[in-house]
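# Examining the three-dimensional arrangement
Okay, here's what each chain looks like letter by letter:
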Amino acid sequence: MKDLLKMTTIQDTASLPGLTPEGERFSGSGERNVNRVQTARGVYVTVHGHFYQPPRENPYLDAIERQPSAAPHHDWNERIYYECYRPNAFARVLNDRGELVGIVNNYEYFSFNIGPTLMAWLERYDMEVYKRILEADRKSAARLNGHGNAIAQAYNHIILPLANERDKYTQIRWGKSDFRARFGRDPEGMWLPETAVDLATLEALVAEGIKFIILAPSQVERCRPILEGGEPQNGELQNGELQNGELQNGESQNGKPEAKWHEVGGGQIDPTRPYRCFLPGSGEGSDRKYIDIFFYDGPISRDMGFNDVLGNSQHFAGRLGLAIHGDNRPSQLISVATDGETFGHHKGGTEKCLAYAFTQEFPRRGWTTTNYAHYLSINPPTWEVELKPVTAWSCSHGVDRWQDDCGCGGGGTWHQKWRRPLRDTLNWLRDRLIEVYEEEGSRLLRDPWQARDEYIQVIRDRSTANVEGFLARHQTHVLSPAEQVDALRLLEMQRNALLMFTSCGWFFEEISRPEGTQVLRYASRAIELAGDVAGVQLEAEFVSRLAQAPSNVDFFKDGANVYRQLVETAQISLEQVAAHYAMSGLFANYATQQRLYCYEAHQRDYQLQRMGPLTLAVGQLQLVSEITLENIEFVFGVLHLGGWDFHCCIQPFNGRRAYTKMKEELFSVLEEGSAAHAILAMSEYFDGKSFSLKDLFAEERHRIMRLLSRETLTRLDRLYGQVYRDNYGVLMGFHRDELPVPKELQVAAEISLSSRCRSAAESLEREISDSPAEMKGVSSASRDMSLIYLQELEAIATEVDRLHCQLDVPDVKKIMEQSIERSLWHFLHEADPDTVEAYLQRVERIIDAGNQLHLGLALDRAQELYFSWLHGEAGDQCFRAGSAESPSESSAPKACWSSAQLKKILAMGQKLNINTSNWESFEV
């Protein structure tokens, strides 16, 4: 049993029931069968997840700003991370009592692609999950003859049949390069955005060395066996197929017989085998160019997304089993594919179903979990196909969903007449940007288009050394600093020109949705960069063309107004970045060198002075873009008049003498204590343009608004606290007699208790952050100050229950979860016999307090910490040492815990809802 639990943690498929370390499967009688990893025999299952999120970064800041619709999370990437990406990296296997018995990395069993823009975000957001995905690919490759589960994706999810030839190749090359840099190998397959495909796309894929793709069954027109010497390959007639002379269908040009084509355009293709697609006009015989194609099982894949197939693993396996052909063919592949976000985001908790299916249900049925590349290596195609001309998996009208009002993606009475004008307008802009790029780029880059194809190396790593090396390889001559900036501006212009074609911009029903707005923001940035380098003015005509795209929303009327209202207002100048620095600097202690989104801010001089309610800061600032290397020096003056009133002025630095004179004069005027005089003086030295709080970037503006409101809220907390204390007996009387409580008194109680709860939790957090070192040698839990704050939280919980209060304290929930994790980590890794009980008591009481406060604590990470320790070497050593009368020095852990302590450790596991029965049998 213990080995099985370890298997579900470390993902060692050699431990699966029925598999030897070499992957050989045994029959129930013990008779050795063929090695299914080496030879295609039996039933194979591939579950493919297409994991993707559109690029959401503000193109001026290279960061995702807060998205209120994703609440309580910062943005949709973060929300789906918590609901899908992380749960699949740590998928739970539970017993019938709901206790944790295993943790599975589902990515080790999925076939999957993860969009490069999403992988870049994951790498920045959570390196642990990012590394588990990479590790899963390595482990699957080790299990499956060197064929990893991961496949590549065309870079930023543009519809390849609608792209021009250069953009097709760049998207494929960027996808391959990003994949190689992350997974350490070349991709064998590639996921096509929306599985959209045409002949030109196939030709580009073949030219770039892609071996296979995955398509929907509706995308194929016809199929037939591949003949060798006039006979089907590998005995394809064995199952009674193609009888009655169907092989002969006339003579080919070289005189060899050909098999008859079978029309399967209605989705009748058999998805249990791979197929080969030969490119027309690509030669004869062995010289013919081709790409292999897998067609996923359409009905089952739809059921996964829209029905309850993933409700439990037996149901899921049963549904897959219906697709098995009972015709005694040597092997067959049950292949399903859907959006990866289905597993946890669209259908909550379904990652558990997959974890159990992969590690228990499929092996029990004698099925082999594999991926497309591995199955292709042991069972190459014996059939060929011809595809329909232009198709995709989510549009029944070819690819019209991304260019016309075809009805796909619509809803209610809303039309999609805006799609064609939007597509045409962006195509027009793309072509104008090509002219700028070729004309200006040829002065700076030896081969501008090759430089664009290799620019992905800079996108992944914008370090100074890497950028300099890239420019050195591609420059026509040694570029001056100004020319380097222009070269990078041109390449960024092209990057944004690719991002503006991200498919999501057309996918839904309305141009003013966030997806449509986002592609227009990329277009806006590309237009700006073109103007910076070449002086061309493209925005006016671009907006004029957008006016032909009708909006369904009366407020906007058309795409031009969408641009003016949602895109122009999001444009950010360097002056605005400087103003952001100046105003936020009043509330933050910036270092002399500070990263500010995608800019490096170098503080050359700074002076701040307060005079009564007025605060004046004057400074000299150099801003350097990490993306284009452009830099400019500013001087700023910012006057805080109190409350939410700010007056900030920015202008280029014009010399040290002028700056010093201005600074002295402004501070001299401040001493008069007159806000009006100070503003007039600032107007004399600056150009008259000013910035206020509303010009700050949204998240910093919100932070400052909260800071400015803190004093008022503190006063209100005191007031409500006094009302609550004065009327506590009255409140209890109302509740005792089950009378409606006056709203004013109930609100006062909830606000007061929320404030006390927040204060106690923050104090607990500070104490726990400091306590590990202090707890060394602690012999009494009473000396742990954290217990005082826990007692306060417990008292608050009692009052909350008595008064039926509803606390709104999401920050307290987060603090307590982190406190549990931190305390548990220190207990498992640093505690000794003298401190173990104090740590255990603390963790237990934090969990209890959170439950009493009805916070809905998420204990996932705490479970993972404990489970990993219990099933790891440290846990084994502890229990071996605790159960032995005289443990050897080599096997004993650093600290020998007593039997009573080990029992308490197991009790902690039960508290975390982890099955510990396997260890309870130890005689400790």
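Here is a short report on the structure shown in this document. (Residues numbered from 1 in each chain as written. Predicted model: local features only at pLDDT ≥ 70, side-chain atom pairs only at ≥ 80, totals over all residues. Heavy atoms only, no water.)

Quick look at the pairing of strand 14 (residues 275–278) now. Side chains Tyr-275 and Cys-277 of strand 14 all project onto a buried face; the interleaved residues Arg-276 and Phe-278 project onto the opposite face, where all are buried too. Taken together, the four bridges between strand 14 and strand 15 (residues 290–295) define a ladder with antiparallel strand orientation. The partner of Arg-276 across the bridge, within strand 15, is Asp-292. (Buried < 20%, exposed > 50% of the residue type's maximum accessible area, 1.4 Å probe, protein only. Helix = DSSP H or I, 4+ residues; strand = E, 2+ residues; numbered from the N terminus. Pairing = 2+ DSSP bridges.)

This part covers the sheet that holds strand 22 (residues 631–642). A sheet is described by the order of its strands in space; here six strands give the open sequence 19-20-21-22-23-24, paired in antiparallel fashion. Sheet topology places strand 19 (593–596) and strand 24 (690–691) at the edges, where each strand pairs with a single neighbour. Contacts between helix 21 (residues 656–670) and the sheet are confined to strand 20 (599–611), strand 21 (614–625) and strand 22, with strand 21 contributing the most and set at about 155° to the helix. (Contact = heavy atoms within 4.5 Å. Axes fitted to C-alpha atoms, helices over the stretch in contact; angles between N-to-C directions.)

Of all hydrophobic cores here, the largest spans 196 residues; its most connected members are Phe-51, Tyr-107, Phe-316, Val-385, Leu-387, Phe-542 and Leu-853. Listed in part, the 32 residues of the second largest apolar core include Met-583, Tyr-590, Ile-627 and Phe-697. (Core = buried A, V, L, I, M, F, W, Y, C linked by side-chain atoms within 4.5 Å.)

On to the environment of Tyr-590. Mapping Tyr-590 onto the fold places it in the loop between helix 20 (574–584) and strand 19. The spacing of Tyr-590 and Ala-601 is 11 residues in sequence and 9.3 Å in space, taken between C-alpha atoms. In this structure Tyr-590 touches Tyr-581, Ser-584, Gly-585, Leu-596 and Gln-603, once residues within four positions along its chain are discounted. Among the polar contacts made by the side chain of Tyr-590, one reaches the side chain of Ser-584 at a distance of 2.7 Å. (Polar contact = N/O pair within 3.5 Å; in protein donor to acceptor, adjacent residues only side chain to side chain.)

Turning to a negative patch on the surface, a few remarks are in order. Taken together, Glu-665, Glu-671, Glu-672 and Glu-684 make up a surface patch of like negative charges. As for its position among the elements, Glu-684 is in helix 22 (residues 675–685). (Patch = residues over 30% accessible without salt bridge, like charges linked within 9 Å, V, L, I, M, F, W, Y side chains within 5 Å. Areas by Shrake-Rupley, 256 points an atom, 1.4 Å probe, with all protein chains shown as cover. Salt bridge = Lys/Arg side-chain N within 4 Å of Asp/Glu carboxyl O. Lys, Arg positive; Asp, Glu negative; His and termini not counted. Charge placed at Lys NZ, Arg CZ, Asp CG, Glu CD.)

Contact pair helix 29 (residues 860–870) / helix 31 (residues 899–911): the axes reach a minimum separation of 10 Å and the direction vectors enclose 135°. Considering their axes alone, helix 29 and helix 31 lie oblique with respect to each other. Seen along the crossing, helix 29 lies across helix 31 with a hand that is left-handed. Listed contacts from helix 31 to Tyr-866, Trp-869 and Leu-870 of helix 29 are Ile-905, Leu-906, Met-908 and Gly-909. For the contact of helix 29 with helix 31, the class distribution of residues is six nonpolar, one polar and no charged. (Parallel < 35°, antiparallel > 145°, perpendicular 65-115°, else oblique. Left-handed = near helix turned anticlockwise from the far one by under 90°. Nonpolar A, V, L, I, M, F, W, Y, C, P; charged D, E, K, R; others polar.)

Moving on, we get to the environment of Val-800. Its place among the elements puts Val-800 in helix 26 (residues 786–803). Once the C-alpha coordinates of Val-800 and Ala-749 are considered, the two residues, 51 residues apart in sequence, prove to be 8.7 Å apart. When neighbours within four sequence positions are excluded, Val-800 is seen to be in contact with Leu-753, Cys-805, Leu-807 and Leu-853.

Next up on the list: the pattern of salt bridges. For the coordinates displayed, the defined rule picks out 59 salt bridges. In this structure, Asp-327 and Arg-329 form a salt bridge, with 2.8 Å as the shortest nitrogen-oxygen distance. Residue class for Arg-329 comes out buried when judged on its relative accessible area of 12%. We note a salt bridge from Asp-424 to Arg-420, for which the minimum N-O separation is 3.5 Å. Here Asp-424 and its partner Arg-420 are both found in helix 11 (residues 419–444), four residues apart, which amounts to about one turn of the helix. For Arg-420, a relative accessible area of 31% gives the class partly exposed. Among the charged side chains, a salt-bridge network with shared partners connects Arg-86, Arg-92, Asp-126, Glu-128, Arg-861 and Glu-864.

What follows concerns helix 15 (residues 481–499). Between its first and last C-alpha atoms helix 15 spans 27 Å; for 19 residues at 1.5 Å apiece the expected length is 27 Å, and the two agree. The buried count for helix 15 comes to 15 of 19 residues, which makes it a mostly enclosed element. (Expected span 1.5 Å × (residues − 1).)

As a packed pair, helix 26 and helix 28 (residues 836–852) sit with axes 9 Å apart at the nearest point and diverge in direction by 20°. Classified by the angle their axes make, helix 26 and helix 28 are roughly parallel. Crossing of helix 26 over helix 28 shows left-handed handedness. Contacts between helix 26 and helix 28 pair Ser-786, Leu-787, Leu-790, Gln-791, Leu-793, Glu-794, Ala-797 and Asp-801 from the former with Gln-841, Arg-842, Arg-845, Ile-846, Ala-849 and Gln-852 from the latter. Residue classes in the contact of helix 26 with helix 28 are distributed as six nonpolar, four polar and four charged.

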